[in-house]
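If you want the building blocks of each chain, they are given just below.
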Amino acid sequence: MSNIKSIYLHIPFCTNICNYCDFCKMYYNDKFFNTYYEKLLEEVKIYNKYLNNTFKTIYIGGGSPSSIGIDNLEKILKILDLQKEDDYEYTVELMPLDITEELLKLLKKYAVNRISIGVETVSKKYQKLFNRIIDKDVLTSKINLAKKYFDNINLDLMYAFKNQTIKELEDDLNYILSFDIEHISTYSLILESNTYLKYINYQEIDDSLSSQMYFYIKKRLESIGYKHYEISNYAKDKVSKHNLVYWNNEEYLGLGLSASGYIDSIRYTNTRNLDKYPLNKQEEKLSLKDKMTYFMILGLRKIEGINIKEFNKLFNKDIYEVYDIKYLLAKEYLLLKEDKLYINPKYLYVSNIILEFFV
């Protein structure tokens, strides 16, 4: 049996649906939550044998976990009141408007030690477009309140909106940097199916400008001491241990509607249909070739890349015989330093094109 060290739990509820969001979500109401909670407990029983493990990372995401109210959130936190390693990381995602002293005290009570807050943008113009309106002064007060309770905070920044200027991006980035927080996640706007923006035929920004914005953020954050450790993520000292579980291709337990997991060489994704949850899920039994592919496409998301010796030892294969690494090195899409193989920094923005070589 796998010694699972990480767990993700999905809360699909929101009090507000953002126009760009394609995650599994629904408007919160008590009846839906109660149904969901009972079904979640059923799924927990299925994986109960893993819950006696000692966990290094726990992550509650959404949707918006903070949208379900204090009492309901405590029910979820009780499910995850598990044995933890000394140097554990326990993250909960929060919507800014939900942040109160009562909420923050509840999280501390259950040993949560990291929170992630979706800022995205402080531009009223784009907030209105995304149906994500929050007064800047209120947002500031909420983040400052969170800082009184937590010293490991991530703030999300979104960019590359149609007609957005570098100056507007700079304003958003300056705002986030004013809080002097530990971790920043940056995401360019991608038009996903089944979103309002896709429905209204909203146009994506020009690739060259989006790329310019990506490297502007990278240069700016690195110049003031943030480490760029994954394509979209920056940290001062505390990288996201949970996200590194994904990128290091480690196994983890996924609970909740639409959650994914990786256990005993099987990758699975739960249904997005509440009526069919928790019994209906897609499973992918990984072959050796599949495992090598995941190792490469996930590991190369890290700025430091993958270790060739680790690949050779893990799979008992010579990486140069499995993939045309020499071609990628000759083209300088990939670089090699000692045993570390990594994407050339100047191609990070188009990393997906490079990762396709391994699929």
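Shown above is the structure to which this text applies.
Residues numbered from 1 in each chain as written. Predicted model: local features only at pLDDT ≥ 70, side-chain atom pairs only at ≥ 80, totals over all residues. Heavy atoms only, no water.

1. Notes on the overall build of the protein chain
Part 1: Helix and strand counts for the protein chain come out as 14 helices and 17 strands.
Part 2: A compact globule built from 359 residues should have a C-alpha radius of gyration of about 21 Å, and the protein chain, at 21 Å, falls within 12% of that.
Part 3: A principal-axis box enclosing the C-alpha atoms of the protein chain has dimensions of 55 × 50 × 40 Å.
Part 4: Expressed as a percentage of the 359 residues in the protein chain, the buried residues total 52%.
Part 5: Considering only contacts within the protein chain whose residues lie at least 6 apart along the sequence, 68% involve residues at least 24 apart.
Part 6: Accessible surface, the protein chain as shown: approximately 17300 Å² in total, 48% of it carbon and sulfur. (Helix = DSSP H or I, 4+ residues; strand = E, 2+ residues; numbered from the N terminus. Rg over C-alpha atoms; globule rule 2.2 N^0.38 Å. Buried < 20%, exposed > 50% of the residue type's maximum accessible area, 1.4 Å probe, protein only. Contact = heavy atoms within 4.5 Å. Areas by Shrake-Rupley, 256 points an atom, 1.4 Å probe, with all protein chains shown as cover.)

2. Re the sheet that holds strand 10 (residues 233-235)
Each strand in a sheet pairs with its neighbour through backbone hydrogen bonds, running either in the same direction (parallel) or in the opposite one (antiparallel).
Part 1: Reading across the sheet, the nine strands line up as 9-10-8-7-6-5-4-1-11 and stay open at both edges, with mixed pairing between neighbours. Whereas interior strands pair on both sides, the edge strands pair on one side only; in this sheet they are strand 9 (227-230) and strand 11 (253-255). Neighbour-to-neighbour, the strand axes of the sheet open up by a mean angle of 20°, direction not taken into account.
Part 2: Two strands pair when backbone bridges link them, and strand 1 (residues 6-11) and strand 11 are joined in this way by three bridges, in the parallel orientation. Bridge pairing in strand 11 links tyrosine 8 to glycine 254.
Part 3: On top of the sheet, helix 8 (residues 207-223) reaches strand 7 (153-159), strand 8 (183-188), strand 9 and strand 10; it is set at about 150° to strand 7, its chief contact. (Pairing = 2+ DSSP bridges. Axes fitted to C-alpha atoms, helices over the stretch in contact; angles between N-to-C directions.)

3. Some remarks on the pattern of salt bridges
Part 1: The tally for this structure, following the rule as stated, stands at 14 salt bridges.
Part 2: For glutamate 230, the salt bridge goes to arginine 301, with nearest N and O atoms at 2.6 Å. With glutamate 230 in strand 9 and arginine 301 in the loop between helix 10 (288-299) and strand 15 (306-307), this pair connects stretches of sequence that are 71 residues apart.
Part 3: When its relative accessible area of 22% is taken as the criterion, arginine 301 is described as partly exposed. (Salt bridge = Lys/Arg side-chain N within 4 Å of Asp/Glu carboxyl O.)

4. A look at the pairing of strand 4 (residues 55-62)
Residues in a regular strand project their side chains so that they alternate between the two faces of the sheet.
Part 1: Buried residues dominate strand 4, accounting for seven of its eight residues.
Part 2: Relative to strand 4, strand 1 is paired through six bridges, and the arrangement is parallel. Bridge assignment links histidine 10 to a residue of strand 4, and that residue is glycine 61.
Part 3: For strand 4 and strand 5 (residues 84-94), the ladder comprises five bridges, and the chain directions are parallel. Of the residues in strand 5, the one forming a bridge with isoleucine 60 is valine 92.
Part 4: With helix 2 (residues 70-79) bridging strand 4 and its parallel neighbour strand 5, the resulting β-α-β unit is right-handed. (Right-handed = clockwise from strand over helix to strand, strands pointing away.)

5. Re the packing of helix 10 against helix 11 (residues 308-315)
Two packed helices can be described by the angle between their axes and the distance between those axes.
Part 1: Contact geometry of helix 10 with helix 11 gives a least axis separation of 11 Å together with a crossing angle of 165°. The angle between helix 10 and helix 11 places the two elements in the roughly antiparallel class. For the pair helix 10 and helix 11, the sense of crossing is right-handed. Counting all contacts with helix 10, which are made through Leu288, Lys291, Met292, Phe295 and Met296, the residues of helix 11 involved are Glu310, Phe311, Leu314 and Phe315.
Part 2: Class assignment for the residues of the contact of helix 10 with helix 11 results in seven nonpolar, no polar and two charged. (Parallel < 35°, antiparallel > 145°, perpendicular 65-115°, else oblique. Left-handed = near helix turned anticlockwise from the far one by under 90°. Nonpolar A, V, L, I, M, F, W, Y, C, P; charged D, E, K, R; others polar.)

6. Observations concerning the packing of helix 1 (residues 30-46) against helix 2
Part 1: Running from amino to carboxyl end, helix 1 crosses helix 2 at an angle of 5°, the nearest separation of the two axes being 12 Å. Considering their axes alone, helix 1 and helix 2 lie roughly parallel with respect to each other. Where helix 1 approaches helix 2, its residues Phe33, Asn34, Tyr37, Leu40, Leu41 and Val44 are matched on the opposing element by Asn72, Lys75, Ile76 and Ile79.
Part 2: Of the residues belonging to the contact of helix 1 with helix 2, the class tally is seven nonpolar, two polar and one charged.

7. Structural notes on the packing of aromatic side chains
Part 1: By the definition in use, this model includes 21 aromatic pairs.
Part 2: With 5.9 Å between their ring centres and 15° between their planes, phenylalanine 33 and tyrosine 37 make a pair best called stacked. Of this pair, phenylalanine 33 and tyrosine 37 both sit in helix 1, four residues apart, which is roughly one turn of that helix. Comparing phenylalanine 33 with tyrosine 37 shows no difference in burial state: the two are buried.
Part 3: Put simply, the rings of Phe13, Phe33, Tyr36, Tyr37 and Tyr277 touch in pairs and so form one group of aromatic residues.
Part 4: The lysine or arginine in question, lysine 84, covers the ring of tyrosine 88, its NZ or CZ lying 5.7 Å from the ring centre.
Part 5: Positioned above the aromatic ring of tyrosine 294, the side-chain terminus of arginine 267 is 4.1 Å from the ring centre. (Phe/Tyr/Trp six-rings, centres within 6.5 Å; stacked < 30°, edge-to-face > 60°. Lys NZ or Arg CZ within 6 Å of the ring centre and 35° of its normal.)

8. A word on helix 11
Part 1: Along helix 11, the residues that are buried comprise Ile308, Phe311 and Phe315. In an axial view of helix 11, the angular spread of the buried residues amounts to 60°, which keeps them on one side of the axis. Across helix 11 from its buried face, at more than 90 degrees, point the exposed residues Lys309, Lys313 and Leu314.
Part 2: On the buried face of helix 11, the contacting elements are helix 10, strand 15, helix 12 (319-322), strand 16 (334-337) and strand 17 (340-343). (Arc of directions from axis to C-beta.)

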